[in-house]
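Given next are the chains, with one letter for each unit.
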Amino acid sequence: MKHYYRLWKFMMVASCLFLSQMVMAQGETISGKVTDELEDGLPGVSVIVKGAPGTGTTTNIDGDFSFTLPANITDPVLVFSFVGYITEEIALGNRSTIDVQLLPDIQALDEVVVIGYGTQRRADVTDAIATVSEKDFNVGQVTNPEQLITGKLAGVQISPTSGAPGGGSQIRIRGGSSINAVNDPLYVIDGVPLSQSGDVAGQSNPLSFLNPNDIESFTVLKDAAATAIYGSRASNGVIIITTKKGKSNQPLSVDFNSVNSLSTVANRINVLDGDQFRSIVEDPNVPVPANNRTLVTGEDTDWQDAIFREAFSTDNNLSLSGVVAGLPYRLSMNYLNQNGILKTSNLERKSAALSLSPSLFNDRLNINLNLRGVL
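The shown structure was predicted, so the numbers you read here are calculated from the model rather than taken from an experiment.

**Quick notes on the overall build of the protein**
Logical step 1: A tally of helices and strands in the protein yields seven helices and 23 strands.
Logical step 2: Looking at the protein alone, contacts between residues at least 24 apart form 55% of all its contacts between residues at least 6 apart.
Logical step 3: Accessible surface, the protein as shown: approximately 22800 Å² in total, 57% of it carbon and sulfur.

**A look at the pairing of strand E19 (residues 327-339)**
Logical step 1: Sheet analysis places strand E18 (residues 311-324) next to E19, joined by 11 bridges and oriented antiparallel. Across the sheet, residue Asp315 finds its bridge partner in E19, namely Leu336.
Logical step 2: Alignment of E19 against strand E20 (residues 346-356), held across 11 bridges, turns out to be antiparallel. Bridging from a neighbouring strand, Leu336 pairs with Arg349 of E20.
Logical step 3: Between E19 and the antiparallel strand that follows it, E20, lie six residues.

**Digging into the environment of Ile240**
Logical step 1: Examined against the element boundaries, Ile240 turns out to sit in strand E16 (residues 238-243).
Logical step 2: With 19 residues separating them along the chain, Ile240 and Leu221 place their C-alpha atoms 7.9 Å apart.
Logical step 3: Ignoring sequence-local partners within four residues, the contact set of Ile240 consists of Val188, Ser217, Phe218, Thr219, Leu221 and Tyr230.

**Details of the pairing of strand E7 (residues 97-101)**
Logical step 1: Along E7, the buried face is formed by Ile98 and Val100; none of Thr97, Asp99 and Gln101, which line the opposite face, is buried.
Logical step 2: In this structure, strand E1 (residues 28-35) lies alongside E7, joined through five bridges in parallel fashion. Residue pairing across strands places Val34 opposite Val100, the latter belonging to E7.

**Remarks on unusual backbone geometry**
Logical step 1: For Arg174, which is not a glycine, the phi torsion comes out positive at approximately 55°.
Logical step 2: Relative to the assigned elements, Arg174 resides in the loop between strand E12 (169-173) and strand E13 (186-189).

**Section: the packing of aromatic side chains**
Logical step 1: What the rule picks out here adds up to three aromatic pairs.
Logical step 2: Geometrically, the ring pair formed by Phe82 and Tyr85 is tilted, given 5.8 Å between the ring centres and 50° between the ring planes.
Logical step 3: Classification of Tyr85 as buried rests on a relative accessible area of 16%.
Logical step 4: Where Phe137 meets Phe218, the ring centres are 5.8 Å apart and the plane angle is 75°; that geometry is what we call edge-to-face. Remark: Phe218 occurs in strand E15 (residues 215-221) and Phe137 occurs in the loop between strand E10 (129-133) and strand E11 (156-160); sequence separation between them is 81 residues. Accessibility assignment for this pair places Phe137 and Phe218 in one class, buried.

**What to know about the nonpolar core**
Logical step 1: Counting 20 residues, the largest nonpolar core has Ile149, Phe218, Ile239 and Ile241 as the members making the most contacts within it.
Logical step 2: Of all the secondary structure elements, the ones that give two or more residues to this core are E10, E11, E12, E13, E15 and E16.
Logical step 3: It is E15 that contributes the most residues to this core, three residues altogether.
Logical step 4: Leaving out residues up to four positions away in the same chain, Ile241 has contacts with Val188, Ile189, Asp190, Leu207, Leu210, Ile215, Ser217 and Phe218.

Criteria and cut-off values
Residues numbered from 1 in each chain as written. Predicted model: local features only at pLDDT ≥ 70, side-chain atom pairs only at ≥ 80, totals over all residues. Heavy atoms only, no water. Helix = DSSP H or I, 4+ residues; strand = E, 2+ residues; numbered from the N terminus. Contact = heavy atoms within 4.5 Å. Areas by Shrake-Rupley, 256 points an atom, 1.4 Å probe, with all protein chains shown as cover. Pairing = 2+ DSSP bridges. Buried < 20%, exposed > 50% of the residue type's maximum accessible area, 1.4 Å probe, protein only. Phe/Tyr/Trp six-rings, centres within 6.5 Å; stacked < 30°, edge-to-face > 60°. Core = buried A, V, L, I, M, F, W, Y, C linked by side-chain atoms within 4.5 Å.

Here it is, written out as structure tokens:
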């Protein structure tokens, strides 16, 4: 009986050791939360143990994570990584719960280019995509949006089709691709493509309704890979225009600018005055038909003075931006009155634009509403 008691005691001790070994083999549960720079949960963050690629997990929609750390890993270091954010390596130590905040990696974002769908490295598409932002725009009397980037982009030719106020421009990206069809690029404003209704000569100006002061940046897509999402409409390239919008962290801002200019004829054609013209016509040695001599009168009119003038132009812009009840907005108004040096040429434009850009569900849903009107 005593022998059986010793055997039972030995089995109990062995089973306890076995169970404790199983608990140790299962390891410890590690949990925590990953947030972004705004302290919102960051979903999809990779959380792995350094040196053990198969050990780890990803954060859920709220930024929370949890996984079991094997007992055979000593001095574990957790690696937190996410596209566009700086990778963090943190020693776990004796902790079982750890919270991490990731910061944006601005340099990494600059190396990624959005091409309509997906992304590519900037080094791979440098020649195919070009961007001009507001700080690089042309300054001065700018009537049409395309004048902001004239001479700023390699491979993009912008030529005025008319010297009249408000006259459009002919834009060619890497030259023309057709003899008879339209060679104009596709314009996309805030994600909305414009219909290509210009004629072959490119005389129409599809951007005339847009106030240049409302534009934030131009992006030009030049090759087939960058323009593929737009299909055959993008065969002549794509010009993406992004307009200014209100920001959620922006206080009330009021901006007003006025550009005024005076235009005059730089060089006039040197012609004869009335007396000089009559002396030549009435000279018998000049072969002028006799009946034409009878048409000469005593008037003395300079027709260049009759049709040309010093033209005054004014361009006034007023914008208000801020946040009302958590709704970012931007309201802009423009009045343009441009006189040409020809007395019959004039462009008067009154326009207004309203942009609303609310963000819902912790910035997971962004809505942009743009309203524009031209008189």
